[in-house]
Amino acid sequence: MPNQTESLFTPIKQWLKANFGYILLCIYLLFLCIAGPFSIKELVNRHAERHIVVWFVSGVFVYLTIPITVAGIVQHLRNFSDPPQQKRLIRIMMMVPVYSFFSYLGMIWKNKVIYLDSLRECYESYVIYNFMMFLVTFMYEHYNVEQLLTFKPPQPQLWPFQRLPPWPRGKSFVIWAKRGVFVYVIAKPITTLLTLISSLAGNSGKGEVRIGSVWLWTLIIDNFAQGWALYCLVVFYKALKFELAPIKPLPKFLCVKAVVFFSFWQALFLELLVLFKIIKDSSEKGGYTADDVASTAQNMLICVEMFGFSIAHIFVFSHKPYVTDDDEDRETRFFTSISHLFDVRDVGRDIRTQFGMSLRQMRGRSEHTPLLQQNMGEHVELNTIRDYTSNPTL
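On a predicted model such as this, the values are computed, not experimentally measured, just so you know.

Asker: Is there a simple way to think about the packing of aromatic side chains in this case?
Answerer: Applying the stated rule across the entire model yields 14 aromatic pairs. Relative to Y231, the ring of F161 has its centre 5.4 Å away and its plane inclined at 90 degrees; by these criteria the two rings are edge-to-face. With F161 in the loop between α6 (145-151) and α7 (171-201) and Y231 in helix α8 (residues 214-239), this pair connects stretches of sequence that are 70 residues apart. For Y231, a relative accessible area of 10% corresponds to the buried category. Taken together, the ring pairs in this structure connect F161, W167, F173, W228, Y231 and F236 into an aromatic cluster. Cation over ring: R120 sits above Y99, and NZ or CZ is 5.8 Å from the ring centre. When the ring centre of W176 is taken as reference, the NZ or CZ atom of R179 above it lies at 5.2 Å.

Written out as structure tokens, the structure reads:
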């Protein structure tokens, strides 16, 4: 009976596999056909007020951005030959539609923008974590990293910390690099939550440079944590530059860094314009304050920028290195890859692992703890070398 049921659904699976891209395209076109006339109707009825024009222009870029990113993700899912690497690449690629979609909603629902911005900013730290784990995963798939780093010369500190002692070698190097990234992964949601609570309470002190300003302290903590995470990423790359060359990490890092850079610094610049009263309250319908105008400008810029990043991601995070000739195995991977993609238990395991090692160090115990645990259920020890491509269905 199970075999009969499986044989009954096989043609359906094959048809879905062959036409998945077309199905997504039809859904997208249907959404566009509904949203397009609605947007035009709004422009006509409201005599094209400025904020409506901003909505429309931003919406056009969102409509262009999302299918480009989805197309790249679908190609990865159809060629899911290396789950540990590709699931992290897809999570990074999801940054573009997440930023674009939440920014667009933030313009329409300006009273809810604080919640939408909070979700978007938390995803930023998640992306940096996945990029670090992408590099670590590749290294442990192909090298005995502990031994490799033991024979390499100590990695010196980068500017402006050249006078500090060099990084430790061996296992400790990877552990400290990962911890640097985890500082940001943990700090960002905490500071975002504090900002959210203080804003709802009406005492965030946004734009105020004073000791009691929650905004100022969260800004300082975010900058420090983010800067340290990116510093650790750069140090990790410089120490293993030759070994990481096959996956071309530099353009990938620049894509991630550019999204973070533009979103953060342009938001800070707009807040300063509000602080110096260069951006003022708008007299349009709906009661747009100076903060609302700055937030709308930030969200529009993000929508426009994400269109460019969606095109860059197609080339930088290409699926081509993972293409195989095994069509039968590809079908199995396609349907299992989606469940792998949304399984985020690896994040919790990594956090517990890092905290566990920190506690053992504080108590003077051994550091012998698994460094890398994948969310497909495999357990990778520090001294283990595995090639996941030989068993892509893990």
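Asker: What's the story with a nonpolar patch on the surface in this structure? I'm lost.
Answerer: Taken together, the side chains of L272, L275, F276 and I278 make up a nonpolar region of the molecular surface, amounting to roughly 410 Å² of accessible area. Under the relative-accessibility criterion, F276 is labelled exposed at 61%.

Asker: Looking at this structure, I do not really get the environment of D350. What am I missing?
Answerer: With respect to the helices and strands, D350 occurs in helix α13 (residues 345-362). Using a relative accessible area of 0% as the deciding quantity, one classes D350 as buried. Counting along the chain gives 172 residues from D350 to K178, while the straight-line C-alpha distance between them is 9.5 Å.

Asker: In this structure, what is going on with α7? I would like to understand it.
Answerer: Along an α-helix, residues three or four positions apart point the same way, because every turn accommodates 3.6 residues. When the terminal C-alpha atoms of α7 are compared, their 45 Å separation across 31 residues agrees well with the 45 Å that a helix rising 1.5 Å per residue should span. Taken from the residues just after α7, G202 is the one with a positive phi, measuring 80 degrees.

Asker: Help me understand the pattern of salt bridges in this model?
Answerer: Opposite charge on two side chains makes pairing possible when the charged atoms of those side chains draw close. Scanning the entire structure with this criterion turns up 4 salt bridges. Note that D117 and R120 form a salt bridge whose closest N and O atoms lie 3.4 Å from each other. Taken as a pair, D117 and R120 lie in helix α5 (residues 113-142) at a separation of 3 residues, close to a single helical turn. Side by side, D117 and R120 carry an identical accessibility label, which is buried. Several salt bridges converge on common partners, so that one network encompasses E121, K188 and D222.

Asker: Explain the packing of helix α4 (residues 95-108) against α5 to me, please; I cannot follow it from the model alone.
Answerer: A pair of packed helices is characterised by two quantities: the angle between their axes and the separation of those axes. Close contact between α4 and α5 brings their axes to 9 Å; oriented N to C, the two are set at 170 degrees. Considering the angle they form, α4 stands roughly antiparallel to α5. On the side of α4, the interface is formed by M95, V98, Y99, F102, S103, L105 and G106, while α5 contributes V113, L116, L119, R120, Y123, E124 and V127. Grouping the amino acids of the contact of α4 with α5 by side-chain chemistry returns 10 nonpolar, 2 polar and 2 charged.

Definitions and limits used
Residues numbered from 1 in each chain as written. Predicted model: local features only at pLDDT ≥ 70, side-chain atom pairs only at ≥ 80, totals over all residues. Heavy atoms only, no water. Phe/Tyr/Trp six-rings, centres within 6.5 Å; stacked < 30°, edge-to-face > 60°. Helix = DSSP H or I, 4+ residues; strand = E, 2+ residues; numbered from the N terminus. Buried < 20%, exposed > 50% of the residue type's maximum accessible area, 1.4 Å probe, protein only. Lys NZ or Arg CZ within 6 Å of the ring centre and 35° of its normal. Patch = residues over 30% accessible without salt bridge, like charges linked within 9 Å, V, L, I, M, F, W, Y side chains within 5 Å. Areas by Shrake-Rupley, 256 points an atom, 1.4 Å probe, with all protein chains shown as cover. Salt bridge = Lys/Arg side-chain N within 4 Å of Asp/Glu carboxyl O. Expected span 1.5 Å × (residues − 1). Axes fitted to C-alpha atoms, helices over the stretch in contact; angles between N-to-C directions. Parallel < 35°, antiparallel > 145°, perpendicular 65-115°, else oblique. Contact = heavy atoms within 4.5 Å. Nonpolar A, V, L, I, M, F, W, Y, C, P; charged D, E, K, R; others polar.

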